[in-house]
Every structure is written in C-alpha cells, then in structure tokens.
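Report on the structure
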Amino acid sequence: MKHNKTYLATALFMGMAFFSQAQCEVFKSEISDVQKYMVQFGKLSDSLKTSAEIAAFDARYGTAKNHSKTVMLLLGQAVTAADEAVILASDAQYDSESCGLDEAMSYTIDAESHAIDARDYAAEAFENAKSAAKANNLGNLQFHIRKAQRLMRDAQEAADASAYAAEIAHYSCSHDKDHASKDR
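Since this is a predicted model, take the numbers as computed values, not measurements.

1. Some thoughts on the overall build of the protein
The number of helices and strands found in the protein is four helices and zero strands. Mapped in sequence order, the helices and strands of the protein form the string α-α-α-α. Expressed as a percentage of its 184 residues, the buried residues of the protein come to 41%. In the protein, the proportion of contacts linking residues at least 24 apart, taken out of those at least 6 apart, comes to 81%. Accessible area of the protein: about 10,100 Å², with a carbon and sulfur share of 55%.

Structure below.
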C-alpha cells in the first residue's frame, strides 16, 4: 500500500510538471503572437505614412480625399491587429502566472499595457481618418489627417514597446538556469 501512495504521488507530481510545462508552451505561443501582431501593426503604420503625408499636404482636394481613404483602410487593419494583440496579451498574462516566472509575468503585463495604448491611439486615429474621408473641404480633411498622423506616431511607439516587451517575456519564459528569474 505504501508503494501505491509513492507511485500516486510521483504520478501526480509528474502530471503537474507536465501541465505546467504545457501552460508555458501555450504562453510562449500567445506572447509570440502578440509580438507578431504588433510587428504587423508597425508595417501597416509604415504603409499609411505616404498616403497620410499626401492627404495632409496636397493642395488638391480630390487627391487628398483618395489618399485619406487609403489611410482609413490601413488604419482599420492596424486597429484590428492591435485588438488581436490585446486579446492575446490578456490571455498570455493569465497563462504567464502558470509558468510562475516573475520576469515573464512582468513583461507580459507591459506588453498588454502597451498593446492597449497602441489600439486606443489607433482607434482614435481611425476615427479622424474617417472624418477626413467624409470631409467636404480640404481644410477639414487635412485637419483630421494631421491629427491622425500625430496619434499614429504615439500608437507606433506603443506598438514598438509592446513588441519589445513580448519578445522579452517570451525569452524569459524558459526554465533554463541562464536567464529565468526564478531559477537564479
């Protein structure tokens, strides 16, 4: 009977260790996806810069209007990417607790916070781009596009910070003694 308890305890311990490692793998996947979406956000942000510049400074209403629609389209995609990153970062934050590594948890919180900021700035920029695309005169169009440009600069900074924090969180979620905070 004593051997059965020992086997049961060993099996339970092994099962918990396997579950913990599996949770860490889920976490790593989620936090990698956060980084992927924030990088995608950055690419979309870069893609809209030329159209935003033309819309913000072109002297022809028709040209500015066409480019403002392009900005609106790309901003809509950026908001979607940022929203996905926020959802995944929230899930990753929950799963990082299962890994039990303080550094991974801390950077995951940072990744989520910056992803939220990026999404919020981008959403406000998107609303301004929509207003620009609906504007009936060049002055209003350019006012809203320039406001969207300023917001996207802030959004891009937040997205970069989120991607960086996600990368560090992923790197930190390792049970190697070299860099895991709990194993030092």
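2. With respect to the pattern of salt bridges
Enumeration over the complete set of coordinates arrives at six salt bridges. A salt bridge links Arg-60 to Asp-58, with the shortest nitrogen-to-oxygen separation between them at 3.1 Å. Bridged by salt links that share partners, the residues Asp-83, Arg-119 and Asp-120 form one connected network.

3. A look at a positive patch on the surface
Where like charges cluster on the molecular surface, the positive patch consists of Arg-146, Lys-147, Arg-150 and Arg-153. Within the fold, Arg-150 resides in helix H4 (residues 138-172).

4. Structural notes on the packing of aromatic side chains
Scanning the entire structure with this criterion turns up zero aromatic pairs. Taking NZ or CZ as reference, Lys-36 lies 4.9 Å from the ring centre of Tyr-37, over its face.

5. Some words on the packing of helix H2 (residues 61-99) against helix H3 (residues 102-134)
In a packed pair of helices, the relevant descriptors are the angle between the two axes and the axis-to-axis distance. Look at H2 against H3: their axes get within 7 Å of each other, and the N-to-C directions meet at 160°. As far as their axial angle goes, H3 and H2 are roughly antiparallel. Where H2 crosses over H3, the two elements pack in a sense that is left-handed. A class-by-class count of the residues in the contact of H2 with H3 yields 21 nonpolar, six polar and eight charged.

6. Comments concerning the nonpolar core
In terms of nonpolar packing, the biggest core is built from 49 residues, with Phe-27, Ile-31, Met-38, Phe-41, Ile-145 and Met-152 touching the most fellow members. Of all the secondary-structure elements, those providing two or more residues to this core are helix H1 (2-57), H2, H3 and H4. Of all the elements, H2 adds the most residues to this core, at 14 residues. Residues contacting Ile-31, with those up to four places away along its chain left out, are Ala-92, Thr-108, Ala-111, Ala-166, Ala-169 and His-170.

7. Considering the side chain of Asn-128
Relative to the helices and strands, Asn-128 is located in helix H3. We classify Asn-128 as buried; its relative accessible area is 8%. Apart from residues lying up to four places away in sequence, Asn-128 is in contact with His-144, Lys-147, Ala-148 and Leu-151.

8. Structural notes on the packing of H2 against H4
Put simply, H2 and H4 touch, their axes get as near as 11 Å, and they point 30° apart. Our pair here, H2 against H4, has a crossing hand that is left-handed. Residues Tyr-61, Ala-64, Lys-65, Ser-68, Val-71 and Leu-75 of H2 lie in contact with H4, whose contacting residues are Leu-138, Leu-141, Ile-145 and Met-152. Considering only residue class, the contact of H2 with H4 consists of eight nonpolar, one polar and one charged.

9. Examining the environment of Leu-88
Along the polypeptide, Leu-88 turns up in helix H2. Remark: the alpha-carbon pair of Leu-88 and Ser-32, spanning 56 residues in sequence, is separated by 9.3 Å.

10. What to know about H4
An ideal rise of 1.5 Å per residue puts 51 Å on 35 residues; H4 measures up with 50 Å between its terminal C-alpha atoms. Of the residues flanking the start of H4, the one acting as N-cap is Asn-137, its side-chain oxygen 3.1 Å from the backbone nitrogen of Gly-139.

11. Some words on the environment of Ile-31
Turning to its location among the elements, Ile-31 is positioned in helix H1. The spacing of Ile-31 and Ala-104 is 73 residues in sequence and 9.8 Å in space, taken between C-alpha atoms.

What counts as what
Every chain begins its residue count from 1, and numbering advances along the sequence as written. With pLDDT at 70 or above as the cut-off, local features in this predicted model cover only qualifying residues; side-chain atom pairs require 80 or more to be listed or tallied, and sums for whole chains, interfaces and linings still use all residues. Excluding hydrogens and water, the side-chain figures rest on all heavy atoms present in the structure. Under the DSSP-based scheme used, a helix requires at least four consecutive residues in state H or I and a strand at least two consecutive residues in state E, with every element numbered from the N terminus. When accessible area is computed with a 1.4 Å probe and restricted to protein chains, residues below 20% of their type maximum are described as buried, those above 50% as exposed, and intermediate ones as partly exposed. Working rule for contacts: check all heavy atoms of both residues, and any pair within 4.5 Å makes them a contact. The accessible surface values rely on the Shrake-Rupley method and a 1.4 Å probe; as for residues, cover is taken only from the protein chains in view. The salt bridge definition used is simple: a Lys or Arg side-chain nitrogen within 4 Å of an Asp or Glu carboxyl oxygen. Every patch collects residues that have over 30% relative accessible area and no salt bridge, joining them within 9 Å if they carry like charges and within 5 Å if they are nonpolar side chains (Val, Leu, Ile, Met, Phe, Trp, Tyr). Note on charges: Lys and Arg go in the positive column, Asp and Glu in the negative column, and His and the chain ends are not counted at all. For this purpose, a charge sits on NZ of Lys, CZ of Arg, CG of Asp or CD of Glu. In this scheme Phe, Tyr and Trp rings, the latter by its six-membered ring, pair at centre separations within 6.5 Å, and the angle between planes marks the pair as stacked below 30 degrees, edge-to-face above 60, and tilted otherwise. Counted as over-ring charges are cases with an Arg CZ or a Lys NZ within 6 Å of the ring centre that also lie within 35 degrees of the ring normal. Axis definition: a line fitted to C-alpha atoms, limited for helices to the stretch in contact. Angles are taken between N-to-C directions and run from 0 to 180 degrees. Each angle receives one of four descriptions, namely roughly parallel if under 35 degrees, roughly antiparallel if over 145, roughly perpendicular if within 65 to 115, and oblique otherwise. The handedness criterion is simple: a crossing whose near helix is rotated anticlockwise from the far helix by less than a right angle is left-handed, and one whose near helix is rotated clockwise is right-handed. Side-chain classes follow a simple rule in which Ala, Val, Leu, Ile, Met, Phe, Trp, Tyr, Cys and Pro form the nonpolar group, Asp, Glu, Lys and Arg form the charged group, and the remainder, Gly included, forms the polar group. Buried Ala, Val, Leu, Ile, Met, Phe, Trp, Tyr and Cys residues that are joined via side-chain atoms within 4.5 Å together make up what is termed a nonpolar core. Here, expected helix span is obtained from the residue count minus one, scaled by 1.5 Å. Polar contacts here mean pairs of N or O atoms no more than 3.5 Å apart (in protein, one a potential hydrogen donor and the other a potential acceptor; neighbouring residues in sequence count only if both atoms are side-chain atoms).

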